[in-house]
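As a plain string of letters, each chain reads:
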Protein chains: 2
Amino acid sequence: MTDDIPHIVIGRLPIYLRALTRMAEEYDQKTTSSHELGEQLGISSAQIRKDLSHFGEFGKQGTGYHIGYLIDQLQQILNLHVEWDVAVIGAGHLGHALANYNGFGHRGFRIRWIFDNDPAKVGQKTNGLVVQHIDELEETIKEHGAAIAILAIPAKSAQDVTDRLVKMGIKAILSYAPLHLSVPDGVEVSYSDPVTEMQRMTYYLTPK
Amino acid sequence: MTDDIPHIVIGRLPIYLRALTRMAEEYDQKTTSSHELGEQLGISSAQIRKDLSHFGEFGKQGTGYHIGYLIDQLQQILNLHVEWDVAVIGAGHLGHALANYNGFGHRGFRIRWIFDNDPAKVGQKTNGLVVQHIDELEETIKEHGAAIAILAIPAKSAQDVTDRLVKMGIKAILSYAPLHLSVPDGVEVSYSDPVTEMQRMTYYLTPK
DNA sequence: TAGATTGTTAATCGATTAACAATC
DNA sequence: TAGATTGTTAATCGATTAACAATC
């Protein structure tokens, strides 16, 4: 796939999609403008128009964007017209929280498997899912084919599990483990470490 | 506080801190170089040196950086020489996961309160914390003073709660709610929405 | 001394913004 | 028609990188 669209632009598309969906569902709004959308998100209207212009012409002079149409286009661009099966690795508190979060379904994802290496957790049911032993990982992925995994395990074992996931063809990993993961080209990784985020913010705070 | 150091630089400091801590604790390493650190993190050595140079001269030509000293300096810069009290809003699965996560303590934070608006959850104990009713928010913050809150509640009520937090003087918010929050200048917000992250990654994936 | 690595400068690269013709 | 807003261009702004003198 030809790709010279900046990563940073791609990263904003889901933000636009989220805001547009909210306008449609919460406020039953039919159209919007780059100005209104930008105001709502703290982003300049010029940037929004520039970002969208990488992919086509979705608006009309004078009236702006039809929300339903733009939502549909963004979903197409982001490959969200299919539902993605997701494997959760780790059945601790966070793994359970992910398995029980009902915000995935309407936005393109379904948690389908949850794994743990603790025999005491294997067999537990959570939101209709049964915790499988991590050693069934390879077999399960081979059988069903999965592209996305979420890592909800300690840093210690995260790189090992990542290597196994990559070996099985996983192409996107969302990691809650507090460390940098090494992956080959072609594998996407997103990091979500609450402490790192908070440490960034404390820079701007004054200790009491 | 004078501040023309780019946000993006501040955002990398906790990443450096995390990697350095790992070198020290996991591998008992005493020194490192910008080259080694960069290799480990997928960041250029020039960028690391440039970033650090905003704050002082921490290395020695020929030998690199003393890890313990650099860790200490980064902690000072990020205001992590004090421990920050954190309020968690929302005692659902995610709120409980946060309350039980043991990765905060060693990195500068302590979850001290957890709130919910569901009477059925108020009074529940989790990891030594008792869930308080959200209506006790103002009183509790007024009494103890808190600067950081984590939002683990649905989008619907997130802006309302944010307004209340800001009113009480909260200066940093880590939000797991899938929406953009409006806050006045001087209040830091970090977003952590797993779906947004995954939607960014699916752009690069090929639907099967 | 020889080798390694810093901190910094200048050049390059990339992203954001202002402005506006086009047009609904 | 008058007003609003797009998509795009060029200018500005900011971040990254390459290179190297300084020096441990």
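Note that the coordinates shown come from a computational prediction; the quantities given were computed from them, not determined experimentally. (Residues numbered from 1 in each chain as written. Chains lettered and ligands numbered in written order. Predicted model: local features only at pLDDT ≥ 70, side-chain atom pairs only at ≥ 80, totals over all residues. Heavy atoms only, no water.)

S.K.: When you look at the protein's contact with DNA strand D in this model, what are you seeing that I'm missing?
M.R.: The local shell around DNA strand D holds 24 residues, among which Ser34, Arg49, Phe58, Gly59 and Tyr65 of chain A are the closest. In the interface set of DNA strand D, defined as its atoms within 4 Å of the protein, sugar plus phosphate atoms amount to 65%. Within the contact set of DNA strand D, a phosphate oxygen lies 2.6 Å away from a side-chain nitrogen or oxygen of Ser34 of chain A. Between DNA strand D and Arg49 of chain B, the relevant distance is 3.2 Å, taken from a base nitrogen to a side-chain nitrogen or oxygen of the residue. When contributions to the surface near DNA strand D are tallied by element, the ones reaching two or more residues are α3 (45-53), β2 (59-60) and β3 (64-66) of chain A together with α3 (45-53) of chain B. (Near = heavy atom within 4 Å. Polar contact = N/O pair within 3.5 Å; in protein donor to acceptor, adjacent residues only side chain to side chain. Helix = DSSP H or I, 4+ residues; strand = E, 2+ residues; numbered from the N terminus.)

S.K.: Can you walk me through the relation of the copies chain A and chain B in this structure?
M.R.: Superposition of the two copies of the chain requires a rotation about an axis and a shift along the axis. In the superposition of chain A on chain B (RMSD 0.0 Å, axial shift 0.0 Å), the rotation amounts to 180 degrees. Both copies of the chain, as the preceding transformation shows, are related through a two-fold rotation axis. (Least-squares fit on C-alpha atoms with pLDDT ≥ 70 in both.)

S.K.: I tried to follow the pairing of strand β9 (residues 172-175) of chain B on my own but got confused; where do I start?
M.R.: The side chains of a regular strand alternate between both faces of the sheet. Residue and element names in this part refer to chain B. Both faces of β9 are covered, namely the face carrying Ala172 and Leu174 and the face carrying Ile173 and Ser175. Sheet analysis places strand β8 (residues 148-151) next to β9, joined by 4 bridges and oriented parallel. Paired with Ile150 across the strands is Leu174, a residue of β9. After leaving β8, the chain enters helix α7 (residues 155-167) and then returns to the sheet as β9, a path that is right-handed. (Buried < 20%, exposed > 50% of the residue type's maximum accessible area, 1.4 Å probe, protein only. Pairing = 2+ DSSP bridges. Right-handed = clockwise from strand over helix to strand, strands pointing away.)

S.K.: Can you help me understand the interface of chain A and chain B in this one?
M.R.: Accessible area lost when the parts come together is the quantity often used to give the size of an interface. The partner chain B presents 65 residues to the 65 residues of chain A that form the contact. When chain A packs against chain B, the two sides together hide about 6100 Å² of surface, and 64% of this comes from carbon and sulfur. When the buried area of chain A at its contact with chain B is split by residue, Gln199, Tyr203 and Tyr204 of chain A rank highest and sum to 12% of it. Counting across the chain A and chain B interface gives 4 salt bridges. Of the charged contacts in the structure, one is a salt bridge between Arg107 of chain B and Asp193 of chain A, with a shortest N-O distance of 3.0 Å. (Contact = heavy atoms within 4.5 Å. Buried area = accessible area lost by both parts, 1.4 Å probe. Salt bridge = Lys/Arg side-chain N within 4 Å of Asp/Glu carboxyl O.)

S.K.: In this structure, what is going on with the environment of Val189 of chain A? I would like to understand it.
M.R.: Counting through the fold element by element, Val189 of chain A comes out in strand β10 (residues 188-191). We classify Val189 of chain A as buried; its relative accessible area is 17%. Expressed as a C-alpha distance, the spacing of Val189 of chain A and Ala172 of chain A, which sit 17 residues apart in the sequence, is 5.8 Å. Leaving out residues up to four positions away in the same chain, Val189 of chain A has contacts with Ile173, Leu181 and Val183 of chain A together with Arg200 and Met201 of chain B.

S.K.: Looking at this model, I keep getting lost on the side chain of Gln132 of chain A. Mind explaining?
M.R.: On the secondary structure map, Gln132 of chain A appears in strand β7 (residues 129-133). When sequence neighbours within four positions are dropped, the list of residues in contact with Gln132 of chain A reads Trp113, Ile114, Phe115, Asp116, Val122 and Thr140 of chain A.

S.K.: Explanation requested: the domain arrangement of chain A in the structure shown.
M.R.: Under the domain assignment used here, chain A contains domain 1 (7-77) and domain 2 (84-194). Computed over C-alpha atoms only, the centres of domain 1 of chain A and domain 2 of chain A are separated by 31 Å. (Domains from an automatic or database assignment.)

S.K.: Please clarify how the protein's contact with DNA strand C should be interpreted in this entry.
M.R.: The immediate surroundings of DNA strand C are formed by 25 residues, with Gln47 of chain A together with Ser34, Arg49, Gly59 and Tyr65 of chain B found nearest. Counting only the atoms of DNA strand C within 4 Å of the protein, the fraction contributed by sugar and phosphate is 66%. One nitrogen or oxygen atom from the side chain of Ser44 of chain A is found 3.0 Å from a phosphate oxygen belonging to DNA strand C. Note that a phosphate oxygen of DNA strand C is positioned 2.6 Å from one of the side-chain N or O atoms of Tyr65 of chain B. Looking at the surface near DNA strand C, the elements with two or more residues in it are α1 (7-27) and α3 of chain A together with α3, β2 (59-60) and β3 (64-66) of chain B. For the surface near DNA strand C, the element with the highest residue contribution is α3 of chain A, accounting for 4 residues. For the surface near DNA strand C, the class distribution of residues is 5 nonpolar, 12 polar and 8 charged. (Nonpolar A, V, L, I, M, F, W, Y, C, P; charged D, E, K, R; others polar.)

S.K.: Could you clarify how one ought to interpret the sheet that holds strand β1 (residues 31-32) of chain A in this entry?
M.R.: Think of a sheet as strands paired side by side through backbone hydrogen bonds, with each pair either parallel or antiparallel. Residue and element names in this part refer to chain A. Judged by pairing direction, the sheet is antiparallel, and its 3 strands sit side by side in the order β1-β3-β2 without closing on themselves. Pairing within the sheet leaves two strands with one partner each, and these edge strands are β1 and β2. Of the pairings in the sheet, the one linking β1 to β3 comprises 2 bridges and is antiparallel in character. Directly across from Thr31, in β3, lies its bridge partner His66.

S.K.: Help me understand unusual backbone geometry in this model?
M.R.: Note: most residues except glycine have negative phi, and most peptide bonds are trans. Residues and elements named next belong to chain A. At Asp28, a position not held by glycine, the phi torsion is positive, near 55 degrees. Within the secondary structure, Asp28 is located in the loop between α1 and β1. One non-glycine residue, Asn79, lies in positive phi territory at about 60 degrees. Within the element layout of this structure, Asn79 appears in the loop between α4 (67-77) and β4 (84-89).

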